[in-house]
Amino acid sequence: MRPINSKITQIVEETPSIRTFRFDTSLDDAQPGQFVMVWVRGVDEVPMGCSFKNGITVQKVGDATSRLFEMKEGDSVGLRGPFGKGFTLPAKDENILIIAGGVGVAPLGPLADEAASVGAKVTTILGARTESELVFEQRFSEAGDVHVTTDDGSAGTCGFVTTVLAEMDVSEYDRICVCGPEIMMFNVLKMLEEKGAHDRAEFSLHRYFKCAIGVCGACCMDHEGLRVCKDGPVLNGSLLLDSEFGNYKRSSSSQRVKV
Amino acid sequence: MVKITGIEFRNPTILASGIMGTTGASLVRMANSGAGAVVTKSIGPEPKIGHPNPSMVKLDCGFLNAMGLPNPSYADFDNEIKIAKEGADVPVIASIFGGNAEEFVRVAEGLADAKPDAFELNVSCPHAEGYGATIGTDSCMVEAITAAVCDSVDVPVWVKLTPNVTDIKSIGKAAENGGAAAVVAINTLRGMAIDIYSGYPILGNRFGGLSGSAVKPVAIKCVYDLYEALDIPVIGVGGVSSWEDAVEMIMAGASAVQIGSAVHEGVEVFGDIATGIDQFLQNNGYAGVEDITGLAHEVI
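Residues numbered from 1 in each chain as written. Chains lettered and ligands numbered in written order. Predicted model: local features only at pLDDT ≥ 70, side-chain atom pairs only at ≥ 80, totals over all residues. Heavy atoms only, no water.

As recorded in an unreviewed UniProt entry, chain B goes by the name Dihydroorotate dehydrogenase, listed as coming from Methanococcoides methylutens MM1. What the UniProt record of chain B gives under Pathway (unreviewed entry) is the line "Pyrimidine metabolism; UMP biosynthesis via de novo pathway; orotate from (S)-dihydroorotate (NAD(+) route): step 1/1." Chain B has a UniProt comment under Sequence similarities (unreviewed entry) that states "Belongs to the dihydroorotate dehydrogenase family. Type 1 subfamily." (UniProt positions renumbered as here; feature names shortened; annotations may be inferred.)

If you look chain A up in an unreviewed UniProt entry, it shows as Probable dihydroorotate dehydrogenase B (NAD(+)), electron transfer subunit from Methanococcoides methylutens MM1. The Sequence similarities (unreviewed entry) comment attached to chain A in UniProt states, word for word, "Belongs to the PyrK family."

### What to know about the overall build of chain B
Of regular secondary structure, chain B possesses 11 helices and 14 strands. Computed over its C-alpha atoms, the radius of gyration of chain B comes to 18 Å, within 12% of the 19 Å expected for a compact globule of 300 residues. Dimensions of chain B along its principal axes, counting C-alpha atoms only, are 50 × 50 × 35 Å. A buried classification covers 64% of the 300 residues belonging to chain B. The contacts in chain B between residues at least 6 apart in sequence include a share of 71% that link residues at least 24 apart. Split by element, the accessible area of chain B, about 10,700 Å² in all, is 49% carbon and sulfur. Placing the 17 positive and 35 negative side-chain charges of chain B at their respective mean positions leaves the two points 4 Å apart. (Helix = DSSP H or I, 4+ residues; strand = E, 2+ residues; numbered from the N terminus. Rg over C-alpha atoms; globule rule 2.2 N^0.38 Å. Buried < 20%, exposed > 50% of the residue type's maximum accessible area, 1.4 Å probe, protein only. Contact = heavy atoms within 4.5 Å. Areas by Shrake-Rupley, 256 points an atom, 1.4 Å probe, with all protein chains shown as cover. Lys, Arg positive; Asp, Glu negative; His and termini not counted. Charge placed at Lys NZ, Arg CZ, Asp CG, Glu CD.)

### Things to note about the overall build of chain A
Counting its secondary structure elements, chain A contains 6 helices and 17 strands. Against the 2.2 N^0.38 benchmark of 18 Å for 259 residues, chain A shows a C-alpha radius of gyration of 17 Å, consistent with a compact globule. For chain A, with 259 residues in total, the buried portion stands at 58%. Look at the contacts in chain A between residues 6 or more apart in sequence, and 63% of them connect residues 24 or more apart. Charge centroids of chain A, computed over 27 positive and 36 negative side chains, lie 8 Å from each other.

### Here's the deal with the sheet that holds strand 11 (residues 175-179) of chain A
Residue and element names in this part refer to chain A. Spatially, 7 strands are ordered 10-9-8-7-11-12-15 in an open sheet, and the strand pairing comes out mixed. Among the strands making up the open sheet, the edge pair consists of strand 10 (157-158) and strand 15 (234-236). In this structure, strand 7 (residues 95-101) lies alongside strand 11, joined through 5 bridges in parallel fashion. In the strand pairing of strand 11, Ile96 is matched with Arg175. (Pairing = 2+ DSSP bridges.)

### Quick word on the nonpolar core
Ile99, Ile176 and Phe203 of chain A together with Leu111 and Trp158 of chain B are the most contacted members of the largest nonpolar core, which has 133 residues in total. Residues in contact with Phe203 of chain A, not counting those within four places in the same chain, are Val178, Met185, Val188, Leu189, Leu192, Pro233, Val234, Leu235, Gly237, Leu240 and Phe245 of chain A. In this structure, Phe52, Ala115, Phe140 and Val148 of chain A belong to the second largest nonpolar core, which totals 25 residues. (Core = buried A, V, L, I, M, F, W, Y, C linked by side-chain atoms within 4.5 Å.)

### Some thoughts on the interface of chain A and chain B
Listed by partner, the interface residues are 37 residues for chain A and 43 residues for chain B. With both sides pooled, the region where chain A packs onto chain B buries about 3,100 Å², and carbon together with sulfur makes up 54% of that total. The tally of links between chain A and chain B comes to 4 salt bridges. Its salt-bridge partner being Arg256 of chain A, residue Glu80 of chain B comes within 3.8 Å of it at the nearest N-O pair. Viewed at the interface, chain B and chain A are joined by 18 residue pairs in polar contact (both at pLDDT 80 or more). At the level of secondary structure, the elements contributing two or more residues to the side of chain A that touches chain B comprise strand 3 (35-40), strand 4 (44-52), strand 13 (220-221) and strand 14 (226-227) of chain A. For the side of chain A that touches chain B, the class distribution of residues is 14 nonpolar, 10 polar and 13 charged. (Buried area = accessible area lost by both parts, 1.4 Å probe. Salt bridge = Lys/Arg side-chain N within 4 Å of Asp/Glu carboxyl O. Polar contact = N/O pair within 3.5 Å; in protein donor to acceptor, adjacent residues only side chain to side chain. Nonpolar A, V, L, I, M, F, W, Y, C, P; charged D, E, K, R; others polar.)

### A word on the sheet that holds strand 2 (residues 18-23) of chain A
All names here are of chain A. The strand order 1-2-5-4-3-6 describes a closed barrel built from 6 strands, whose pairing is antiparallel. Across the sheet, the mean angle from the axis of one strand to that of its neighbour is 45 degrees, orientation sign disregarded. Bridging between strand 1 (residues 4-15) and strand 6 (residues 76-83) involves 4 bridges; their strand directions are antiparallel. Bridge pairing in strand 6 places Ile4 opposite Leu79. Across the sheet, helix 1 (residues 63-70) lies against strand 2, strand 3, strand 4, strand 5 (55-59) and strand 6, angled at about 115 degrees from strand 5, the strand it touches most. Contacts from helix 2 (residues 105-118) reach strand 4 and strand 5 within the one sheet, and its direction differs from that of strand 4 by about 30 degrees. (Axes fitted to C-alpha atoms, helices over the stretch in contact; angles between N-to-C directions.)

### Focus on the pattern of salt bridges
Residues and elements named next belong to chain A. Tallying each qualifying case throughout the model produces 24 salt bridges over all chains. With its nearest N and O atoms 2.7 Å apart, the salt bridge here joins Arg139 to Asp113. Taken together, the positions of Arg139 in helix 3 (residues 137-143) and Asp113 in helix 2 put the pair 26 residues apart, joining distant regions of the chain. With a relative accessible area of 11%, Arg139 lands in the buried category. Put simply, Arg227 and Asp231 hold a salt bridge, and the shortest N to O gap is 3.2 Å. Classification of Arg227 by relative accessible area gives buried; the value is 5%. The buried category is assigned to Asp231, whose relative accessible area is 16%.

### A word on the confidence of the model for chain B
In the predicted model, chain B carries a mean pLDDT of 97, and 100% of its residues have values of at least 70. Note on the complex model: pTM 0.97, ipTM 0.95. (pLDDT = per-residue confidence, 0-100.)

### Thoughts on the UniProt feature "binding site: FMN" (unreviewed entry) in chain B
All names here are of chain B. UniProt's entry tags Ser17, Lys41, Ser42, Asn122, Lys160, Ile186, Gly212, Gly238, Gly239, Gly260 and Ser261 with the feature "binding site: FMN" (unreviewed entry), counted in the numbering of this structure. Assignment of secondary structure puts Lys41 in the loop between strand 4 (37-39) and strand 5 (56-58). Ignoring anything within four residues of it in the chain, the contact list for Lys41 reads Ser17, Gly18, Gly21, Thr22, Met67, Pro70 and Ser95. Secondary-structure assignment places Ser261 in the loop between strand 14 (254-259) and helix 9 (269-283). Ser261 sits in the buried class, given a relative accessible area of 11%.

This is the structure:
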């Protein structure tokens, strides 16, 4: 598909470094965890998890996002998607644990909304470096219980999402859905493996994307050659044990770099 | 079983270069999906990050891409070939590129220890300045580079040709004269798409190469012409996404077919096409692929 010309209708400053951009394009068939390619014309095209059917929630990290942060309501970008495989959709009466770190909230927000709307029970562990970096706290609260954790203790538990997870009985949950920095997700996976719950966990991964449609292979992971753009970005924890996950990834020239 | 340039393949489908070929693990996955052989992503003398995105878009008629030869360089890629060789029970062909004969030789020699079963020279990428088709449109350079690589390695050398030339036969002849064991035809056709709402060319590189079903008739004609003009085998590639496409390509003169963009529909495409070809041969009383290779030349 060609990029859909999409006008920015609203910009919400979630934190000093994270903004939500809403568009006049709504990808109504997007499932929680699927992503769009956001074309910032003349700069680059980057993958972003859909935080709404018509929106993305972005941290300023590189050229494309920096340019996006200079844009105003009324400016436009190109959107292609939704692409990839998202989270397993929650069913009524299921018990779902969401673990979100930093801007990793983006694909998990719609999952929480969806889970609550079908009558699933939602519990969220929401982590950030500091209180002002917490995103979607109210959104997750509207879906269920929220355990806040900050690295510096400025809000909620002082520590990491794993600090809270360690105190939980994960056997209560039908599924555990995770997104955040890879090191955080890796520590969660290890903890869940010890508790025998890794095969009930789903992780939304980040890798360098070129084609984004499952052809070029730039985002393939060792050792199974899984394409993060098409077989993922959401992958079951059992597929990530004994993989490159948490250890290394590939750069834009496909060289291995440490996570 | 087919035998081309002395290498045995369990079936005549080959993963085309540039598709799922960046890591050893992904090459193994393609072999496990039924490919008779796999070709790596094109590897060059230095690490290269490629063009900015968008680098591939699906259009109504095919795919347009301009990756820009991203690769970790031969020094970082020999390990991936080793992984592919150990994990896949099919031949592994190393696609390589350079800006001149010296660079091609450096890359080929650098990868020789990993023992690829053949080298495929990329003199046909349509959108990398100083590489690919810049070289592949000049028959003197194609012959010189082919000869230099053939002298420096002890495995077969294939040369992948660009259709973006007036006469592909003369370039094929140059490869043959340089000592190529086979030619591979075709690489993508130069193309472009523009976003009418902003006026921006969609690809980060502005233009790129067209692949997919749109290019199949062009590929069939190129393979047909090369089969007539050359004494070495022709490996057909361009728009093959079904066993019928593959049989058509083989009847034009291909000894085997490479499959690229069709992986978009599913990695099972190799096994499906290989099974379909086998069934067609059996149903029509042919003993093997060689019975129908170039059949379109004989019936007229």
